[in-house]
Every structure is written in C-alpha cells, then in structure tokens.
Amino acid sequence: MSPVHPFALIDLDHLLDDEERAIRSTVQQIVTDHVRPHLAQWFEAGTLPVRELAREFGANGLLGMHLQGYGCAGTSATAYGLACLEVEAADSGLRSLVSVQGSLAMYAIHRWGSEEQREQWLPGMAAGELIGCFGLTEPDFGSDPGGMRTRARRDGDDWILDGTKMWITNAPLADVAVIWARAEEGIRGFVVPTDTPGFTANEVTGKLSLRASATGEIVLDGVRLPSSAMLPEALGLSGPLSCLNEARFGIIFGAVGAARDSIEVTLDYVENRQIFGKPLAAYQISQVKLADMVVELDKAMLLALHLGRLKDAGRLRPEQVSVGKLNSCREAIAIARECRTLLGANGVTLEYSPMRHANNLESVLTYEGTSEVHQLIIGQSLTGHSAFR
Ligand code: TGC
Ligand code: FAD
C-alpha cells in the first residue's frame, strides 16, 4: 500500500475552499524558497534576517493578512490561520514574526488607533518596510499584565513614559513599538517610534528556544510623546487582551504546523532507517506512536478549522481561543518530542526538525498565555469562578 499523508487520512482538503488552498500553496512556496534552506543555520547562529523576510512576506500579503484596508490583504481569518500553519511548519520563530507584526502591533493600531495613526503606520508595516513590536510583558508581570508598573503621565499636551518591558519579540530591530502603560485613568496604548529619545532595546541572549527570532528588553526612560501617539480607542486591560486574542488565534494553527512537519520528517525517517533488518516503519511500536500522534494532529487541525470558521462568522469568544491555544501547543510539543524518540541520536541534531520544533514550542507554550493561564480561563468559563487570585 502507498502511504497516506496525515491530513489526507481525514480528507482535510475537502474542508478547505479554493482560496484557502491557493494561499496555503503560496506560503508553502515562499517557505520552501526563502526559509527552509537557511533555517538550521539561523537557529544555530541565533539570528534571523528579519527585514529581508518581512519584505518577502509583505510582498506576498502575509503581514496583517486578515485586516481590511491600509495595504492589508483582507483575507478570511481561516486563510490567515492556514498561512500561520505553513510558516510555523518551518519554524515557530518565523510565525512569531508574522504574529507580532500583524496580529499584535498592526492589529492594535488597526483596532484601537486613530485614522491618522492607521494611515501613518499600517501601509509600511503591511509591506514589511517597517517592523513593529508589542510591549505588554514586564520583568515582574507576565501572566498578570494588569499589575504592570510602566507609567504614562501627562506633561502639558505630551505624554511621558517610564518603565521596562521584557521578552519583547522583534524589539531589538523594530521601527515602531506598541507600548502598554498605566495612566491615571487606566491602561493606555502608545505608538512609539523606536528612535524617540529615552527608548532603548537590549537583545535577550542565551535562549535555548525560538533562536531564530529576536527578543528584547525595552527600557523607557522619560520617553516624551505627543498626544497623537496615544491609541485613542483603548482604555483598560481589554485593549491589549483583545490583541492577544488575534495572536493566540494564529498560534492555534501555527503549532499544528510544527507538529505536522515533525511527523512528516519522522515518517520519512522511519521508512528509510533499517533496524534489525527491516525498516523502523514496519515495527508495531513505531506505528502505535505514529498513529497516536496523527490522531492528535488531525484532531488539533479540525479544532483549529472549527475555530477559524467561528472567527469568520464573528462568533469566536476568548475562552474558545484558549481551548485551541492550549490544545494545539500541548499536543504539538508532545508530538515533536515523541518524533524525536523515533529519530534516535540523529534526532538531537539540527539536521532534523523535531527537536528544534520541540525547543521552540517551549516558548509557544509559555507566551500568549501559559498553558496554565488558558486552563484557568477555561476553568473560569466552566465554573463561573475566577481562580487567578
Ligand atoms: P480581567 O479582570 O479578567 O479582565 C480585564 C478586562 O479585560 C477584558 N478581557 C478581555 N478582553 C478581550 N479579550 C480577552 N481575551 C479578554 N480577557 C479579559 C475583561 O472583560 C475586562 O474588561 P473590563 O471592560 O471589564 O475592564 O483581567 P485579569 O487581570 O484578571 O487577567 C485575566 C488574564 C489572566 C486571563 C489575562 O491577564 C491574561 O490573558 N494573561 C496572560 C498574559 C499574556 O498572554 N501575555 C502575552 C503577552 S504578548 C506575547 O506573549 C507575544 S508572544 C509573540 C508571538 O505571539 O509570537
Ligand atoms: P509567569 O507569569 O511568572 O509564570 C510562571 C509560572 O506560573 C507559569 O507556569 C505560569 O503558568 C504560572 N502561573 C501564572 N499565574 C498563575 C496562577 N494564577 N495560578 C497558577 N499558576 C500560575 N510578551 C510581550 O508582551 N510581547 C512579546 O512580543 C513577547 N514575546 C515573547 C517571546 C518569547 C520567546 C517569550 C519566551 C516570551 C515572550 N513574551 C512576550 C512574554 C510572554 O508573554 C510571557 O513570558 C508569558 O505571558 C508568561 O509570563 P512570565 O514569563 O512572566 O511567567
């Protein structure tokens, strides 16, 4: 019998329309041409040619892909999810670039900004000419952003920002940062050009995960901004949290991509690896592992598609996003680790993707709400009791 692809096992393509299949192919091609040949080297060196890639992604409509107007492609949310899946099948760091640019920085300006802010920033960001970052987390406030210490105070017509943000993707090279800070009236968002005096970004080094992604600390030391830098429509924690819904949505699909790639690599390996005189693929233990992994992969994909359809219908609720983010990340990291076992010693090298994916997924499991935070969001929804405090 000829082998069947893990997604063909459940006739996945039957559930996608022509536009979705076309977008998937386009992104697969970009990743094959511009990303895969260099990935292992980028990961090992801990670098990523962000500007070059952003321009390539921008030229193909991948940045702020499901936003309307201002140079954005305006696709469905499901199509955007499928694009995230294909990007993360290459590397989670690349999907982070797409998520932070489109779902966090651009979405914040699109959803909460003034018309002038949208016109000033979004077209350049959609084209990949301007790189954005999103500063919510602080050294002492990750899961609990409501405790943030970064302050925004009025000085005449201006705003002055003081504080520190930590673990901010793309911060070391960003042109513009969306910064969340506590003002007298509540949490506010600011669009901060990174060459503003008092703004410093320091690279975080020594990461064992998401190495093909730039991460930074942002120090805000008396950063003076005109009143026009404030996002006028956002007041309170719901401003930044609404942006997280968007990025978490992309991760629901993206993590499935990392899992799929791990399984594809492993299926190829076990077919070609001879052990005790026959292919590793022909042993029951290998097949049990593969079957269990593919069942979880396909379930995660079906859940992602269902949530995508809900989002396109304007019905996706935050706790449903948590169901998907928790499931995709948890299953993807388990799959990547299990794939690694089938690769034996070869699996601990950069020649094969599963361990790189597993390492990356440690970050994906943690950022955009840890697994435990999403369990508590779901728990709150099921019981009516908040167990955060
Ligand atoms: P809580 O009292 O529950 O809510 C405060 C206000 O926010 C509203 N709200 C939401 N609005 C929109 N979307 C959501 N998902 C929302 N969740 C809550 C809520 O209705 C309320 O509104 P209002 O008008 O009544 O004031 O807030 P809490 O302080 O108890 O915290 C809740 C909790 C723990 C769920 C939240 O803080 C949380 O999600 N924590 C996790 C933080 C997190 O995920 N950080 C991610 C930082 S960005 C990042 O990691 C980028 S990684 C790069 C990449 O994506 O690749
Ligand atoms: P903590 O909040 O200190 O959590 C530590 C542990 O406590 C976790 O296991 C957690 O689940 C658990 N915990 C937390 N609250 C509870 C509770 N109520 N009950 C029980 N257990 C609890 N942030 C940004 O703003 N922008 C970015 O671009 C960005 N990029 C990132 C890139 C990378 C590579 C990484 C690793 C992180 C990034 N982050 C970013 C930060 C990320 O969102 C935070 O790391 C995450 O929200 C968790 O916060 P923390 O690390 O402070 O962990």
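Cut-off values and rules
Residues numbered from 1 in each chain as written. Chains lettered and ligands numbered in written order. Predicted model: local features only at pLDDT ≥ 70, side-chain atom pairs only at ≥ 80, totals over all residues. Heavy atoms only, no water. Salt bridge = Lys/Arg side-chain N within 4 Å of Asp/Glu carboxyl O. Helix = DSSP H or I, 4+ residues; strand = E, 2+ residues; numbered from the N terminus. Buried < 20%, exposed > 50% of the residue type's maximum accessible area, 1.4 Å probe, protein only. 1 Å grid on protein atoms, 1.4 Å probe; cavity = no way out; pocket = protein on both sides within 12 Å on 5 of 7 lines; lining within 4 Å. Points joined across faces, edges and corners; volume = space filled by probe spheres on them. Nonpolar A, V, L, I, M, F, W, Y, C, P; charged D, E, K, R; others polar. Core = buried A, V, L, I, M, F, W, Y, C linked by side-chain atoms within 4.5 Å. Contact = heavy atoms within 4.5 Å. Domains from an automatic or database assignment. Buried area = accessible area lost by both parts, 1.4 Å probe. Near = heavy atom within 4 Å. Polar contact = N/O pair within 3.5 Å; in protein donor to acceptor, adjacent residues only side chain to side chain. Areas by Shrake-Rupley, 256 points an atom, 1.4 Å probe, with all protein chains shown as cover. Sits in = over half its atoms within 2 Å of the grid points.

Peer 1: Looking at this model, I keep getting lost on the pattern of salt bridges. Mind explaining?
Peer 2: Think of it this way: side chains of opposite charge can pair up when their charged atoms draw near. For the coordinates displayed, the defined rule picks out 22 salt bridges. Salt-bridge contacts for Arg118 lead to Glu115; the nearest nitrogen and oxygen are separated by 2.8 Å. Remark: Glu115 and Arg118 occur in helix 6 (residues 115-126); sequence separation between them is three residues, near one turn of the helix. Residue Arg118 is classed as buried on the basis of its relative accessible area, which comes to 16%. With a shortest N-O distance of 3.7 Å, Arg389 and Asp144 are connected by a salt bridge. Of the two residues, Arg389 is situated in the segment after helix 11 (371-383) and Asp144 in the loop between strand 1 (132-135) and strand 2 (151-155); the sequence distance between them amounts to 245 residues. Judged by relative accessible area, Arg389 falls into the exposed class, the value being 83%. Through salt bridges with shared partners, a single ionic network connects Glu86, Arg260 and Glu264.

Peer 1: Just checking my understanding: could you explain the layout of surface pockets for this structure?
Peer 2: Over the atoms, a rolled probe matching the size of one water molecule traces out where space is still vacant. Considered as a void within the structure, the largest pocket measures approximately 1300 Å³ in volume. The wall of the largest pocket is formed by 42 residues, among which Thr137, Gly142, Tyr367, Glu368 and Gly369 lie closest to the centre. Looking at the lining of the largest pocket, the elements that each hand over two or more residues are helix 5 (92-112), strand 3 (158-169), helix 7 (238-272), helix 9 (318-342), helix 10 (354-366) and helix 11. In terms of residues, the lining of the largest pocket owes the most to one element, helix 7, which gives six residues. By residue class, the composition of the lining of the largest pocket is 19 nonpolar, 15 polar and eight charged.

Peer 1: Can you walk me through the nonpolar core in this structure?
Peer 2: Most often, soluble globular proteins keep nonpolar side chains buried together rather than apart. By size, the foremost hydrophobic cluster in this structure holds 96 residues, and its most contacted members are Phe134, Trp180 and Met301. In terms of residue count, the dominant contributor to this core is helix 7 (13 residues). Once residues within four sequence positions are removed from consideration, Met301 is found in contact with Phe7, Leu12, Leu82, Leu85, Phe253 and Val256. Within the second largest apolar cluster, 20 residues are counted, among which are Ala181, Val192, Val223 and Ala229.

Peer 1: How should I be thinking about the domain arrangement of the chain in this particular structure?
Peer 2: Interfaces are often sized by the accessible area lost when the parts come together. By the assigned domains, the chain splits into domain 1 (8-126), domain 2 (132-229) and domain 3 (238-383). Domain 1 and domain 3 are separated by 19 Å when their C-alpha centres are compared. With 34 residues of domain 1 at the interface, the matching set in domain 3 holds 35 residues. Counting the surface lost from both domain 1 and domain 3, the interface buries some 2800 Å², and carbon and sulfur atoms represent 63% of this.

Peer 1: What am I meant to see in the site of ligand 2 here?
Peer 2: Taken together, the neighbourhood of ligand 2 is formed by 17 residues, with Thr137, Ser143, Trp167, Thr370 and Glu372 sitting nearest. Between ligand 2 and the protein, one listed contact pairs a nitrogen atom with a side-chain N or O atom of Thr137 at 2.7 Å. Interatomic distance of 2.8 Å between a side-chain N/O atom of Glu372 and an oxygen atom of ligand 2. Taking 980 Å² as the accessible area of ligand 2 by itself, protein coverage stands at 68%. Using a 2 Å cut-off from the grid points, one finds that ligand 2 occupies the largest pocket. Those elements that provide at least two residues to the shell around ligand 2 are strand 3, helix 10 and helix 11. Looking at the shell around ligand 2, you find at least three residues from each of domain 2 (132-229) and domain 3 (238-383).

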